[in-house]
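A closer look at the structure
Residues per chain, in single letters:
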Amino acid sequence: MIKNYLKTLIRNMQKNKLHTSINIFGMAVAFTCSILLMVMVYNEFSFDEFHHNKSKLFKLYNFGNSPEGPDLSAGMAYPAAATVKSEGIGIERATRIRNRGREIRYKDKTLDQSVLLVDDDFFSMFSFPVIKGTHLHPLANTGSVVLSEKTAGSLFGKDEPIGKTIEIKVGGVWVSLAVSAVLEDAPVNSSINYSALARTEIDPDYAALKNDWSSLHHSVYVQLSANARQAEVDKQLRILAKKYNSFDIEYLKKKGYKLDANGDYAGLKLLPIDQLHFNSQLGTGNPVSKPFLYILLLVACVIVLIACFNFINLNIGLSFTRTKEIGIRKCLGAGKRQVWLQVWGESLVTVMAAMIIAIGATIILMNGFNKLMQSKFDTSLLYQPAVLFSLLLMLLLVSLIASGYPSFIMGKLKTVEILKGKISLKKPGIFRNALIVAQFVIAIVLICTTVIIYQQFQHLRNAPLGYSTESLITVPIKKYENGKEIVEKIRTLLASQSSVLSVSGSDVNFGLGQDGSTSRTSYGFDYNGKSVSTDYMAANYDILKTLNIPLKEGRDFSTAYIADTTNSVIITESMARQLGEKSLVGLSFYADSSRPKWNVVGVIPDFHLYSLYDDKRPLTICINSKAFISYVLIRVNTQNPTATLELIKKTYTAVEPGVEFKGSYVDENIDRWYTNEKRLSSMFSIASLVAIILSCMGLFGMAFIIIRQRVKEIGVRKVLGASVSGIMTLVTKEFIKPVFIALVIATPIAWWAMHQWLQDFIYRININWWVFVVAGVVAILIAVLTVSFHAIKAAIANPVKSLRTE
């Protein structure tokens, strides 16, 4: 029997080559897209799952109930880790993690690598295997350092690294340490990445800050004891925060903070480590939101669903060309179950062929997908048990969905009616049209979302930030402790270049540069009984000229003023409003009683120092002889940006020889802020294109089947005087009506979904009505063009020939 079914399958495939090709190709395209998205989602959800005791690992964070909503931060003071561990509140281990160094040196070889300062509990808490050296407590000695496998290979090659002395640069100071162990490189799905690990105590600032609760600069991770629960420890942490007065409650009250259900304005809480990758405020590396991943899964499902709709529609259409075959089988004793098994088996073989093609296409397209999504996925993910199980489940479900209704239709036909040729179904086109409507609802929604996401992405990229982003170059400085001298040397060397307008420096990059680093410093203090908060940026001379920011009052920092070598500051208008003084230029006040007064020399409009995810905040720009300058800022005027950047590179290399140049234009840096939006826009563009192609393929196949079934009717109409245009209209309108219905259904769905998505942005576009009109027109035109081929062919056919052959 199986042999007979296989022969029948092959014969039907050969007889209906067009429909077989549409089914296999459509399903293969859908499966390929779905597998790529599924692999991506699987990888993202696997972050930090490899730690053996992950259920007990948490990140400590601060929370505050601000008027604008929850205010979360991961910055901790040095005493926090030791305190939470020693207080007996259910925390067994704790480690601080601070990114404090940027250089590693061995003999004449220097690497530009980050250095994490941690505690010895780090190795007992996290599952990062030791390859060489001390396995237990490799940082028991403060004079030790642990390297990653990659870093050890870069420094020592094939030589034995254990016991060798290297130097790392921490806070601008070179420290000699002995290599005690080598760790496996952190997995790609780890939120914690490292090149070198050393003890927290080697920080030059540690002695001064080890008992200071007000200076927040690193993360703290904890491991709960065996019997401790998160809710119980959270409760104890609230008590502990009050005990050590780590939050200025009076200051929070003045800022409008509110009490939560536990009676706290602010406090400490725990975040499970397996949730770290999905928290944009507390996560490290490149966090991703769970809604984004659910959107990917939804897109994968709807693409497969469209292909399934095609499969069902085409199979229903073809089933009426096989009625005599089914009738004879039923006459010879085949029951409904056997008819269903035959139809399902044929669908399974077709879907299996599509799946094999899709897996091969996935392997081929993986590199291109990584470039598009800016990811690092490997084809080995396809062989993970969870992925293999998902592929098998998809294979079975799709084959069942695709064959379910057609086999039901075939099974319920009566044998006598089939053999007599008297087949009648109640409203046979309703289900077919419903599937076409569903296909085009999905396609139109995807078209609308693609346009709106792209518009929002362009809005974020091009919105005015309050300073001129064009023709502005930023260059990271490696020896930032000598930043002022380096900026001055570059200013001198470029002074004769007509393409260079001005040079300055800051401790904050504008946008996200090639070094991938970002930082934020804030101050909070009282002034005349009022609470004042401000972001802080250290800068160099000509900062306003370089950024092209106009003055409201006062002046820019300048070498012409000796006072600008100390604590002169330029403040934004929102900062000025907080101070509440009528005359601000010349005003002096303390932001920190342990440091000199700030002297206001200028007032400027508010501008966006950070991305448009954040609102504008009060800002104080300070010129201070003791502050580090980490970036050179260069304003240029050129018609050849590439050549100008090369000039800057040569100049920088002359000042800091042997250092990799990571300079870039600020426009490029701003684009990096919105990588996720760019990925989302690209993904939806491709999904829309795939959805349209699949819908068109289904429509093309259905038009062929329906017109073939109506050849005699069309021939009779032509004999009775119907025109070519009349025949075309008759055939086309049957397919255009479902598209109009789809547009009516899709418009409110797309508007609601995009309206909800835009609420995550402080600065967002308004959804324009024309987006939905354009999407509808595109869908209708595509449907008309798709059906027109068969409509024209049927309209111009010779009716005598069609009637004779019929």
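In this text, all values refer to a predicted model and were calculated from it rather than measured experimentally.

1. So, the environment of G505
Mapped onto the elements, G505 comes out in strand β14 (residues 500–506). Separated by 17 residues in sequence, G505 and E488 place their C-alpha atoms 9.3 Å apart. Excluding anything up to four places from it in sequence, G505 contacts V487, A538, A539, N540, I543, I629, Y631, V632 and L633.

2. Focus: unusual backbone geometry
In this structure, K107 is a non-glycine residue whose phi angle is positive, near 55°. Here K107 shows up in the loop between β3 (91–106) and β4 (109–111). Unlike most non-glycine residues, N548 shows phi in positive territory, near 60°. Within the secondary structure, N548 is located in the loop between α16 (543–547) and β17 (553–554).

3. With respect to helix α3 (residues 79–86)
The α-helix advances 3.6 residues per turn, and as a result positions three or four apart in sequence lie on the same side. All of the buried residues along α3 are P79, A80, A81, T83 and V84. Tucked into the core, α3 has its buried residues touching β1 (57–66), β3, α6 (206–209), β11 (219–224) and α7 (230–243).

4. Some remarks on the sheet that holds strand β23 (residues 664–665)
Reading across the sheet, the four strands line up as β14-β22-β13-β23 and stay open at both edges, with antiparallel pairing between neighbours. Two strands close off the open sheet at either side, each with one partner strand: β14 and β23. Note that β14 and strand β22 (residues 631–636) share six bridges and pair antiparallel. When the bridges of β22 are listed, S506 appears paired with Y631.

5. Here's the deal with the packing of aromatic side chains
All chains considered together, the criterion is met by 19 aromatic pairs. Relative to F123, the ring of F122 has its centre 5.2 Å away and its plane inclined at 75°; by these criteria the two rings are edge-to-face. Each member of the pair, F122 as well as F123, carries the same accessibility label: buried. Pairing F128 with Y194 gives two aromatic rings, centres 5.0 Å apart and planes at 75°, and the pair type is edge-to-face. You can see F128 sitting in the loop between α4 (122–125) and β6 (130–133) and its partner Y194 sitting in the loop between β9 (173–183) and β10 (196–199), a full 66 residues away along the chain. The same class applies to F128 as to Y194, namely buried. A cation over an aromatic ring shows up here: R105 above the ring of W174, its NZ or CZ 3.7 Å from the ring centre.

6. Brief notes about the nonpolar core
Counting residues in each nonpolar core, the largest one holds 131 residues, and the members touching the most others are F31, Y467, I543 and I621. Residues contacting F31, with those up to four places away along its chain left out, are V304, V351, A354, M355, A358, M394 and V398. Grouped together as the second largest cluster of nonpolar side chains are 26 residues, A74, V118, I192 and L282 included.

The rules behind each value
- Residues numbered from 1 in each chain as written.
- Predicted model: local features only at pLDDT ≥ 70, side-chain atom pairs only at ≥ 80, totals over all residues.
- Heavy atoms only, no water.
- Helix = DSSP H or I, 4+ residues; strand = E, 2+ residues; numbered from the N terminus.
- Contact = heavy atoms within 4.5 Å.
- Buried < 20%, exposed > 50% of the residue type's maximum accessible area, 1.4 Å probe, protein only.
- Pairing = 2+ DSSP bridges.
- Phe/Tyr/Trp six-rings, centres within 6.5 Å; stacked < 30°, edge-to-face > 60°.
- Lys NZ or Arg CZ within 6 Å of the ring centre and 35° of its normal.
- Core = buried A, V, L, I, M, F, W, Y, C linked by side-chain atoms within 4.5 Å.

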